[in-house]
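Summary of the model geometry
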Amino acid sequence: MSPQPPPDLAEDKERETNVLIEAAPGSPAKAAEDDGAGRQLSPAAWLRMLARELHWSFVLGVAATYGVSQGLGGGISRVASDYYWKDVQRVQPSVAQVYQGITSIPWMVKPLWGLLTDVLPVAGYRRRPYFILAGFIGVIAMLIISLHNKLHALFALLALMAGSASVAIADVTIDACVAENSILYPHLAADMISLNGFCSSVGGLIGFSISGFLVHAIGAQGALGLLTIPSALVILSGMLLKEIHTPNFPYGQAHKKFVEASGKMLTTLKCPEVWRPCVYMYVSLALSVDIQEGMFYWYTDRKAGLSFHEGFIGFMFAVGSVGSLVGVILYQNILKDHSFRSLLFSSQLMLSLSGMLDLILVLRLNLKMGIPDYYFAVIDEGVSKMINRVKWMPLLVLSSKLCPTGIEGTFYALLMSIDNIGGLTGQWVGGLLLHLLRITRTEFNNLWAAIMIRNVMRLLPLALLFLVPSSDPNSTLLPSDLLNDEDDGEGHRMQNIELTLLTVDRGTSPDKSPQEHGKNQESLDVEQDGDGVSLLANRG
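All of these numbers come straight from a predicted model, not from anything done at the bench. (Residues numbered from 1 in each chain as written. Predicted model: local features only at pLDDT ≥ 70, side-chain atom pairs only at ≥ 80, totals over all residues. Heavy atoms only, no water.)

Points about the overall build of the chain
The number of helices and strands found in the chain is 23 helices and two strands. Within the span of the chain, comprising 540 residues, buried residues form 47% of the whole. A sequence separation of at least 24 residues applies to 82% of the contacts in the chain between residues at least 6 apart. Carbon and sulfur atoms make up 64% of the accessible area of the chain, which amounts to about 25500 Å² in all. (Helix = DSSP H or I, 4+ residues; strand = E, 2+ residues; numbered from the N terminus. Buried < 20%, exposed > 50% of the residue type's maximum accessible area, 1.4 Å probe, protein only. Contact = heavy atoms within 4.5 Å. Areas by Shrake-Rupley, 256 points an atom, 1.4 Å probe, with all protein chains shown as cover.)

In structure tokens, the structure reads:
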């Protein structure tokens, strides 16, 4: 227990803190004053406001990471990698299904990237080096893929894994920047999330829209080679990022923080309120079997399949992105206040039923209804992605409710890793299913059976819904001992006071002359203590 200040001193400090909080730009009072003006901002003025308040280099980092690297680059990579395994490496759909799962492994170790960027600065910087490292990894990996015409499948797999790791490291690093800015500027937290989603959605739509045409024009290897551009932009954003320099960092304390965070994560996972929903999230994703590669091979086969060309494949996936965006809108405006259990029940049931659209397409029943293959495939993709998004949104909210105080970001990354492992299991089970049913590059007679098995397996997680809390998203799920960090409570309180002082100091104090204020703004505001580093540097 840390020593408590005398009652009079504590009351004076509390009153001082309240005054500072009310005066701070990020305070509710200040936010209320600016709320009316904020609602009237045009998109261009909104972006200028974010660039002014958060610094333009942060907005550039979000655009480069979410918009270009994940959005546009992810759309191109999704289509180009499918064609790469099919036409360049010429592997069977079951093998391609397994390979696509393996390339997602770097996303399953997101807590590791999160811990590194949080507790292990490089050359005095916490974020810049990881952006630059991520960009260089992506550039090298994509150059290897694009320039080597006879690359062995194993090395191609390693290169694509490295490319995936590049995006994952940049994603975790920009998430850490968002979390840090959310503390310093709480009134802009929602704006930052909206900026992330906007950049990702627009980038994904553009990426999927042009991916098919790029593959048709320059081939799968050429399209993958273009992904060096997003990686280069990540390097540039890392070099330009405005960040506090913390010299003489106590690396011994970093090891201590790493051990403490790991121990607290393990303690939290042992809590029934946490591990029970985690089991459901993993099982529901693992049993949502993915046979996408079998469907892709059938879509593009010129004899036994639908003979869709590259441009239409990209367009179809772009419509899927629109469906996913519609799912977000539906959840935000209609479904977000429903209980976790009821919403997951409905979405899991709808997910199974929507899989019947694939069956109708494979059996060509859509032609008997008078609906051409092109139109029905687009409808199928849009509906399935919309329902997948509706199912995914409550899982994200549930995960955010399971994060204990003090390690919120790292534990959230751990929960996302559990989800990613569930998705990987679903992909590998789907690959095994395609192999057992002998669905090959040219043989698709049993594809209907794979679809039926997948649809039935999607119903199985309903038996484990009792593991999910029946409460709504506004309820508190964790026990009080995980929400109240007693050991670090005083440290967090003092850090919040210091951050508030810093924020208030951005304006000129009535008791100081402008010259004195300028001198204070230029002073070094980095403090080190036994528990780590307190970031109090000038952001002006």
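Structure shown, so let's carry the discussion forward.
Considering the environment of Lys391
In this fold, Lys391 is placed in helix H18 (residues 373-401). Taking C-alpha positions, Lys391 is 9.9 Å from Leu349, a pair spaced 42 residues apart along the chain. With residues up to four places along the chain from it excluded, the contact list for Lys391 reads Ser284, Leu285, Ser288, Leu344, Ser347, Gln348 and Leu351.

Digging into helix H5 (residues 93-102)
Burial analysis of H5 places seven of its ten residues in the buried class, the great majority of the element. Within H5, the full set of buried residues consists of Pro93, Ser94, Ala96, Gln97, Gln100, Gly101 and Ile102.

Thoughts on the side chain of Ser352
For Ser352, the position within the fold is in helix H15 (residues 340-354). Only 2.7 Å separates the side chain of Ser352 from the backbone oxygen of Asn455, close enough to count as a polar contact. Contacts of Ser352, omitting those with residues within four sequence positions, involve Asn455, Arg458 and Leu459. (Polar contact = N/O pair within 3.5 Å; in protein donor to acceptor, adjacent residues only side chain to side chain.)

A closer look at the packing of aromatic side chains
Under the definition given, this model contains eleven aromatic pairs. Each ring, one from Trp298 and one from Tyr299, has its centre 6.0 Å from the other, and the planes form 40 degrees; the classification is tilted. Taking relative accessible area as the criterion, Trp298 reaches 4% and is therefore assigned buried. On the basis of relative accessible area, Tyr299 is assigned to the buried category, the value being 3%. Where Tyr299 meets Phe308, the ring centres are 5.6 Å apart and the plane angle is 25 degrees; that geometry is what we call stacked. Classification of Phe308 as buried rests on a relative accessible area of 3%. Among the aromatic side chains, those forming a connected cluster through ring pairs are Trp298, Tyr299, Phe308, Phe312, Phe315 and Tyr374. Between the NZ or CZ atom of Arg128 and the centre of the ring of Tyr125, over which it lies, the distance is 4.7 Å. (Phe/Tyr/Trp six-rings, centres within 6.5 Å; stacked < 30°, edge-to-face > 60°. Lys NZ or Arg CZ within 6 Å of the ring centre and 35° of its normal.)

Things to note about the nonpolar core
In this structure, Trp298, Tyr299 and Ile313 are the most contacted members of the largest nonpolar core, which totals 55 residues. With six residues, helix H4 (residues 56-88) is the single largest residue contributor to this core. Counting 27 residues, the second-largest nonpolar core is a separate cluster that includes Leu50, Tyr130, Ala134 and Val178. (Core = buried A, V, L, I, M, F, W, Y, C linked by side-chain atoms within 4.5 Å.)

Some remarks on the pattern of salt bridges
In the structure shown here, the tally under the stated rule is five salt bridges. With its nearest N and O atoms 3.0 Å apart, the salt bridge here joins Arg454 to Asp358. Taken together, the residues span a long stretch of sequence, with Arg454 in helix H20 (residues 447-457) and Asp358 in helix H16 (residues 356-362) at a distance of 96 residues. A relative accessible area of 5% places Arg454 in the buried class. On the basis of relative accessible area, Asp358 is assigned to the buried category, the value being 10%. (Salt bridge = Lys/Arg side-chain N within 4 Å of Asp/Glu carboxyl O.)

Regarding the packing of helix H12 (residues 272-286) against H18
Here H12 crosses H18 at 155 degrees, and the two axes come no closer than 11 Å. Between H12 and H18, the interaxial angle falls into the category roughly antiparallel. The two elements H12 and H18 meet at a crossing, and its hand is left-handed. Contacts from Pro277, Met281, Ser284 and Leu285 in H12 reach Lys391, Trp392, Leu395, Leu398 and Ser399 in H18. (Axes fitted to C-alpha atoms, helices over the stretch in contact; angles between N-to-C directions. Parallel < 35°, antiparallel > 145°, perpendicular 65-115°, else oblique. Left-handed = near helix turned anticlockwise from the far one by under 90°.)

What to know about the UniProt feature "transmembrane region" (unreviewed entry) in the chain
UniProt records the feature "transmembrane region" (unreviewed entry) at residues 130-147, 153-174, 195-218, 224-241, 311-331 and 343-363, using the numbering of this structure. Between the C-alpha atoms that bound residues 153-174 the distance is 32 Å, and the span itself is 100% helix and 0% strand. For the annotated span residues 224-241, helix accounts for 83% and strand for 0% of the residues, and the straight-line distance between the end C-alpha atoms is 27 Å. (UniProt positions renumbered as here; feature names shortened; annotations may be inferred.)

Considerations on the packing of helix H14 (residues 310-335) against H18
It is at 7 Å that the axes of H14 and H18 come closest, and there the two elements cross at 40 degrees. With respect to each other, H14 and H18 are oriented oblique. As for how H14 packs across H18, the hand of that crossing is right-handed. Counted by class, the contact of H14 with H18 contains 18 nonpolar, five polar and three charged residues. (Nonpolar A, V, L, I, M, F, W, Y, C, P; charged D, E, K, R; others polar.)

Points about the confidence of the model for the chain
Confidence along the chain averages 78 in pLDDT terms, with 79% of residues attaining 70 or more. In this model, residues 1-39 is a region of pLDDT below 50 whose contacts with residues beyond four sequence positions or in other chains number 26 contacts. Across residues 486-540 the pLDDT falls below 50, and counting only partners more than four positions away or on other chains, this stretch makes 81 contacts in the model. (pLDDT = per-residue confidence, 0-100.)

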